[in-house]
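Fold and geometry: a report
Now for the letters of each chain:
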Amino acid sequence: MNKAYIIQKLSEIADKHDLSISEEVISSAIDFSEFKNYKKGICLKNIDDEAKYVGIVIDGFVRCYYIDGDGNDITRGFAVPGNMCFDEGMIGYNNHICMWETLSESTIMIIEATKLKQLILNDKNLKYLWISLLERALRYKLYRENGFLTENAKERYIHFKKMFPDLSDNMAQRYVATYLGIAPESLSRIRRSLKDE
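Our subject in this report is the structure included herewith. (Residues numbered from 1 in each chain as written. Predicted model: local features only at pLDDT ≥ 70, side-chain atom pairs only at ≥ 80, totals over all residues. Heavy atoms only, no water.)

1. Comments concerning unusual backbone geometry
Phi angles above zero are rare outside glycine, and Asp-48 is one such case at about 80 degrees. One can find Asp-48 in the loop between β2 (43-45) and β3 (53-59). Of note in this structure, Phe-86 is not a glycine but carries a positive phi near 30 degrees. Here Phe-86 is to be found in the loop between β6 (84-85) and β7 (99-102). (Helix = DSSP H or I, 4+ residues; strand = E, 2+ residues; numbered from the N terminus.)

Rendered as structure tokens:
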């Protein structure tokens, strides 16, 4: 991939998410990163794999999921362009705690977690950016927990569509259903009721 194209793409992602990152910092990150293209349905990381690397989605969609005690596939979350994926190493885990797979053809920027942490610590703007990303992640986690306690399934689905407008119609609905904590049949009923309104 052409470095100028990558800088442009990362700058567009940063602007879309209201993040302030200089071209110099982006260029530095690119220098110790690897860019990989994956087909749809590729398992990027398994539970217990070493969490040495972190990914940033450049193009495509990725999901993380667990397999519960009954063998059910439960979606924990999604990563869209600009989001991190298989990022457990950035928050202190030595091994991955969930599975990561591509939901579409995807381009992932792969960085060694220790190098990315060092880059963040050496740049004041990146420290503020990291704090902002952590705050967003915490708000998302709190909202998600609150949603399961205070919202019905239809309200959770409406919020999902607002958060991930490009995902709701472009993936297997069973992934959306498990993310929302409902059966696929319930999601079908919710989708039909929203079309009728």
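2. A word on the nonpolar core
Formed by 21 residues in total, the largest nonpolar core has its most connected members in Leu-10, Ile-30, Met-90, Met-109 and Leu-116. Of all the secondary structure elements, the ones that give two or more residues to this core are α1 (3-16), α2 (23-31), β3, β8 (106-112), α3 (113-121) and α4 (124-150). (Core = buried A, V, L, I, M, F, W, Y, C linked by side-chain atoms within 4.5 Å. Buried < 20%, exposed > 50% of the residue type's maximum accessible area, 1.4 Å probe, protein only.)

3. Describing the pattern of salt bridges
Tallying each qualifying case throughout the model produces four salt bridges. For the salt bridge of Lys-36 with Glu-34, the shortest nitrogen-to-oxygen distance reads 3.9 Å. Given the relative accessible area of 42%, Glu-34 is considered partly exposed. Across the pair Lys-141 and Glu-145 runs a salt bridge whose closest N-O atoms are separated by 2.9 Å. Of the two residues, Lys-141 and Glu-145 are both situated in helix α4; the distance of four residues between them amounts to about one turn of the helix. Here Lys-141 falls in the partly exposed class, since its relative accessible area comes to 46%. Salt bridges linked by common partners bring Arg-63, Asp-73 and Glu-101 together as one network. (Salt bridge = Lys/Arg side-chain N within 4 Å of Asp/Glu carboxyl O.)

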